[in-house]
Amino acid sequence: MRAVTDETTGVPKIQIQAVSKSYPGDKSPVLALRAVDMSISEGEFVSIVGPSGCGKSTLLYVLGGFLEADGKVLVDGKAIRGPGTDRGVVFQEYALFPWLTVRNNILYGLERGALAPEERTRIADRLIGVIGLKGFEDRYPRELSGGMKQRVAIARTLACDPAILLLDEPFGALDAQTREVMQDELLRIWLETRKTVLMITHDVNEAVYLSNRICVMSARPGQIVEEFKIDLDRTIPREKLFLSDAFNKTRNEVWISVRQQALAAERLNAGV
Amino acid sequence: MEKEPGKRALQIRSVISVLVIVVLWEAAARAGLASPLFLPAFTAVVAEWWTVCADGSLPSDLLTSLFRAFAGLFAATLVGVGLGIAMARSRLVHWIFDPVIALAFPSPKIAFLPIFILWFGIYSTSKILLVAFACVFPIVIGTYAAASAVNRVWIWSAYSLGTSNLTLLFRVVLPAAWPRIFAALRVALPVSLITTFTAEMVGGGGGMGASLMYSQRFFESPTVFAYILTMLVVGLLLDAMMLRIQTAFPAWHGNA
Amino acid sequence: MQGSDRYAVFRSPVGRMIPLVAMGLIWQAISATKLVDPSFLPSPVRIGHAMVDLLTGREIRDNLFVTLARAAIGLALGSAAGVWLGLMMARSPTFRAYAAPIVGGTYSLPKSALIPLFILWFGIGTATTVCAVFLACLLPMVVNTFQGVASTPRVLVWGAQALGTRPREMLWQVFLPHALPDIFTGLRVALGFSFVLAISSEMIASTNGIGKLIFMYGENGAYDYMFAAIACVVVVAFVTDRLLLLLTRKCLRWHESATERGAA
């Protein structure tokens, strides 16, 4: 896999080198990831797609610092040591604190910083506006719909202004319409902030729509087997884009690649 | 994340914990850390336990207490399950009894013991009825919750197949509600034991509790410990038995 | 399930007391016909008189206060210790491995059986009662706290870590708030136990307290007063339980079951 270097410093934002991860299993250890190599440049939006259970989420958790693994994970050239505010994470299950209001959830990360209280409130209120939840500041998560909860989760992560965003199937729990709305939101936020994003998804359409690079992972033990560079004109509205030839050609190629991996995974399971 | 220890490992750890306690106990007693009145040696307790078993007093006390506890539990089950189902099926019945249950549920049933003694004397009858009174509440509440939660779809299907009400009760409602009813029974069992022992301690009239108080009054520490340990073991065995029954019938637990 | 609206009045708080009032009236009627010996079952009216006497006199108030104080101290200490133990068990696998069998074992032991032992050790009085209440409240708090902490979803923990929560902050910022609903459930159970053990211990052997008072009235044949004292206990237990439920609802506004809470 070609390393894509950063223009400014020449060092990729994220480097994953020979990362392997195994879990203790019933009879013998299960290898989830095998010697994964990957680099992500600053400002890139990379999606990882692949069959279920191939280890894509595991890779994200390793990068997030939640799991330990063999190999090296470098951010800005330095090895990571556990979770950090430089890598914001959005989980599929929202992970909001149920006992905090919308505003307090978003303020949570800010309170650990060095900002003055007025500044924190200002940032939180601005983010609440960005995600379109003005008027819901004092609601509790249990009063929100799935889409609203995910917006809060994204806002909460953005509040700390992390350079890197790690998204683990962020829209997997949402219904189709909400998912499309949220994808547009995410695209808009990324285009505005140009953060480095790594997203896990099993939705190929979503990956092609949002990313400028897609990595296809094999069945377990996971390895990156194919890469696609995406170069679509994202100023076109979604309706036109989805019907365009460029989009569909790319989408088909990626889909076939993923499908091959999924079929390989099935053969693996059937054989076992 | 640590791997959960297997059953075997847990059993070994239980045994180790118990052994450690016993050893420390014996050592402390022998070292004279406390007077024999406060902490008789474990070996002394065992010896005393053997004596009261051999002369028949412990077994007869135990039988008396268990008889009272189970009789009360049995009565409570009949009344409790019946009432719980009736409350689930009829809103009128629920309306009549719910306030009484809600009012009496939080209160310590032992406070009613003097009333039962007044009406029924100090021997088994008053205790059995008190146990029944104490156990009926969790059973009614559990049964009511279970019976009202029985899937409406099942009931409608049964009706549409021409099932009569009584058959509906026995073939649909009870089997569906049974896991949670059984769980309520498992909760009621320790209640029956506690209530029996306490009633005997307060009101006399034979049984484990009465003998326990008797030995305390005469400062017979080893006997006191022996009786308490017996209660502990009996409680453990009975609960384990309930668990065994529950797991032997997989349909009796989990979401049926 | 909707009823037709003409039944709505029966479901109002006042409407729900009608069965109780009706039972009281039936009781009064039975007493008036003297079907039953009045000393065995005093009429509600006579019990009412006795209650007024008691409440205006010092006796019941002093004794009730003593009992409640003992129960409260035991409950507070037992709950605090229980929460601490539950936390330790949830955070340290080694601790849990060895504590779990002991904790599980005490479940089957009726704590009131230890009262004679405590009398042997501490004599008759407050220490015995408080000790018994303490031990009884321990178990539900340990189990519920453990459950509440151990069930914290890992994404919640990870999310907090990614937002910069330091390890020593995790307890107060994540684990305890998440465990709060379970802790309150345990507290309700412990409250009930505290009453049972306090009264049991006073009935078994004590010089004061409402348990002793009830017993004394019984022995002296003052059955009106005995019934009245028992009624007081029932009311106090009910009221404290409701108060705890109110407190729970207030603290747990954010919890999913907030709309369903309030039932017995």
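Residue indices follow the written sequence of each chain, beginning from 1 at its first position. Whichever chain is written first becomes A and whichever ligand is written first becomes 1, with later ones labelled in order. Note on the predicted model: pLDDT of at least 70 is required for a residue's local features to be given, and 80 or more for side-chain atom pairs to be given and counted; whole-chain, interface and lining totals, by contrast, use all residues.

**Remarks on the overall build of chain C**
For step 1, the next point in the chain: When helices and strands are counted, chain C shows 11 helices and zero strands.
For step 2, the next point in the chain: Here a helix means four or more residues in a row that DSSP labels H or I, a strand means two or more in a row labelled E, and each is numbered from the N terminus. In chain C, the order of α-helices and β-strands from amino to carboxyl end is α-α-α-α-α-α-α-α-α-α-α.
For step 3, the next point in the chain: If you line up chain C on its principal axes, its C-alpha atoms span 75 × 60 × 30 Å.
For step 4, the next point in the chain: Burial is judged by counting the other C-beta atoms within 10 Å of a residue's own C-beta: 20 or more makes it buried, 12 or fewer makes it exposed, and any count in between marks it as partly exposed, with every C-beta position built from the backbone. Burial analysis of chain C (264 residues in total) assigns 42% to the buried set.
For step 5, the next point in the chain: Within chain C, contacts between residues at least 6 apart in sequence are counted, and of these 71% link residues at least 24 apart. C-beta atoms are first placed from the backbone for all residues, and any pair lying within 7 Å is then listed as a contact.

**Looking at the sheet that holds strand β7 (residues 164-168) of chain A**
Residues and elements named next belong to chain A.
For step 1, the next point in the chain: Pairing within the open sheet is mixed, and its six strands lie in the order β6-β7-β8-β3-β9-β10. The two strands at the open ends of the sheet, each matched to only one other strand, are β6 (87-90) and β10 (224-229). Strand after strand, the sheet turns through a mean of 15° between neighbouring axes, direction not considered. A strand pair is defined by DSSP finding two or more bridges across the two strands. With axes taken as lines fitted to C-alpha atoms, and helix axes fitted only over the stretch in contact, angles between N-to-C directions fall between 0 and 180 degrees.

**Considering the interface of chain B and chain C**
For step 1, the next point in the chain: In this complex, chain B contributes 47 residues to the contact, which on the side of chain C involves 43 residues.
For step 2, the next point in the chain: Among the elements of the structure, α1 (7-30), α4 (91-104), α5 (113-120), α8 (165-203), α9 (208-217) and α10 (221-248) of chain B are those that each provide at least two residues to the side of chain B that touches chain C.
For step 3, the next point in the chain: When residues are grouped by polarity, Ala, Val, Leu, Ile, Met, Phe, Trp, Tyr, Cys and Pro land in nonpolar, Asp, Glu, Lys and Arg in charged, and all others, Gly among them, in polar. Of the residues assigned to the side of chain B that touches chain C, the class counts are 37 nonpolar, seven polar and three charged.

**Let's talk about the sheet that holds strand β2 (residues 30-40) of chain A**
Residues and elements named next belong to chain A.
For step 1, the next point in the chain: Spatial strand order, β2-β1-β4-β5: four strands in an open sheet with antiparallel pairing. A single partner strand is all that each edge strand has here, and the edge strands are β2 and β5 (78-79).
For step 2, the next point in the chain: Pairing between strand β1 (residues 14-23) and β2: seven bridges, direction antiparallel. Within β2, the position partnered with V19 by the bridge is V36.
For step 3, the next point in the chain: Each of β1, β2 and β4 (70-75) touches helix α1 (residues 56-64); the most contacted strand, β1, lies at about 115° to it.

**A closer look at the domain arrangement of chain B**
All names here are of chain B.
For step 1, the next point in the chain: Note: domain ranges come from an automatic or database domain assignment. Each assigned domain of chain B is listed here: domain 1 (1-33) and domain 2 (40-252).
For step 2, the next point in the chain: If you average the C-alpha positions of domain 1 and of domain 2, the two centres end up 30 Å apart.
For step 3, the next point in the chain: Counting residues at the interface gives five residues for domain 1 and four residues for domain 2.
For step 4, the next point in the chain: Here the side of domain 1 that touches domain 2 is composed, by residue class, of three nonpolar, no polar and two charged.

**Comments concerning the nonpolar core**
For step 1, the next point in the chain: Linking buried Ala, Val, Leu, Ile, Met, Phe, Trp, Tyr and Cys residues through C-beta atoms within 7 Å yields a set, and such a set is a nonpolar core. One finds I106(A), C135(B), V133(C) and A229(C) to be the most contacted residues of the largest nonpolar core, which totals 204 residues.
For step 2, the next point in the chain: Excluding its chain neighbours within four sequence positions, the residues that come into contact with I106(A) are A124(A), L127(A), I128(A), V152(A), A155(A), R156(A) and A159(A).

**Brief notes about the pairing of β10(A)**
Residues and elements named next belong to chain A.
For step 1, the next point in the chain: With five bridges joining them, strand β9 (residues 213-217) and β10 adopt antiparallel strand pairing. Bridge assignment links I214 to a residue of β10, and that residue is F228.
For step 2, the next point in the chain: The turn linking β9 back onto β10 is made up of six residues.

**Comments concerning the pairing of β1(A)**
All names here are of chain A.
For step 1, the next point in the chain: Between the antiparallel neighbours β1 and β2 lie six residues.
For step 2, the next point in the chain: Where β1 lies against β4, five bridges are found, and the strand directions are antiparallel. Bridging from a neighbouring strand, S20 pairs with D70 of β4.

**A few points about helix α5 (residues 93-107) of chain C**
For step 1, the next point in the chain: In this model, α5(C) (15 residues) spans 21 Å end to end at C-alpha, consistent with the 21 Å of a helix rising 1.5 Å per residue.
For step 2, the next point in the chain: Along α5(C), the largest kink reaches about 40° and is centred on A99(C); proline P101(C) follows within four residues of it. Here the expected span of a helix is defined as 1.5 Å times the quantity of residues minus one. Here the bend at a residue means the angle between the axes of two seven-residue stretches, the one that ends at it and the one that starts at it.

**Let's talk about the confidence of the model for chain C**
Residues and elements named next belong to chain C.
For step 1, the next point in the chain: Residues at a pLDDT of 70 or more form 95% of chain C, whose mean pLDDT is 86.
For step 2, the next point in the chain: Confidence of the predictor at the level of single residues is captured by pLDDT, which takes values from 0 to 100. In this model residues 259-264 is a low-confidence stretch, pLDDT under 50, and it forms eight contacts with partners more than four residues away in sequence or in other chains.
For step 3, the next point in the chain: Here the predicted complex carries an ipTM of 0.87, next to a pTM of 0.86.

**Quick look at the environment of A99(C)**
For step 1, the next point in the chain: Turning to its location among the elements, A99(C) is positioned in helix α5.
For step 2, the next point in the chain: For A99(C), a count of 19 C-beta atoms within 10 Å translates into the label partly exposed.

**A short note on the packing of α5(B) against helix α6 (residues 124-148) of chain B**
Residues and elements named next belong to chain B.
For step 1, the next point in the chain: Between α5 and α6, whose axes approach to 8 Å, the crossing angle comes to 140°. It follows that α5 is oblique to α6 by the angle criterion. For α5 against α6, the interelement crossing comes out right-handed. Here L113, F116, I117 and F120 of α5 lie close against α6, whose contacting residues are T125, S126, L129 and L130.
For step 2, the next point in the chain: Of the residues belonging to the contact of α5 with α6, the class tally is six nonpolar, two polar and no charged. Should an angle fall under 35 degrees it is taken as roughly parallel, and over 145 as roughly antiparallel, whereas 65 to 115 is taken as roughly perpendicular and any remaining angle as oblique. Helix crossings get a hand from a simple test, with the near helix turned counterclockwise from the far one by less than a right angle marking a left-handed crossing and a clockwise turn marking a right-handed one.

**A short note on helix α9 (residues 170-204) of chain C**
For step 1, the next point in the chain: Of all the bends in α9(C), the greatest reaches close to 50° and is centred on L180(C); the proline P181(C) follows between one and four positions later.
For step 2, the next point in the chain: Buried residues dominate α9(C), accounting for 25 of its 35 residues.

**Topic: unusual backbone geometry**
Residues and elements named next belong to chain A.
For step 1, the next point in the chain: A cis amide bond links R220 with the next residue in sequence, P221, at an omega value of -5°.
For step 2, the next point in the chain: Relative to the helices and strands, P221 is located in the loop between β9 and β10.
For step 3, the next point in the chain: Not every positive phi belongs to a glycine, and A35 is a case in point at roughly 45°.
For step 4, the next point in the chain: Positionally, A35 belongs in strand β2.
For step 5, the next point in the chain: Classification of A35 as partly exposed rests on a count of 15 C-beta atoms within 10 Å.
For step 6, the next point in the chain: Even without a glycine there, the phi angle at R194 is positive, about 50°.

**A look at the packing of helix α3 (residues 57-89) of chain B against α6(B)**
All names here are of chain B.
For step 1, the next point in the chain: Direction vectors running N to C along α3 and α6 enclose 35°, while the axes themselves pass 6 Å from each other. Considering how the two elements wind past one another, α3 and α6 form a crossing that is right-handed.
For step 2, the next point in the chain: Along the lines of polarity and charge, the residues of the contact of α3 with α6 split into 20 nonpolar, seven polar and two charged.

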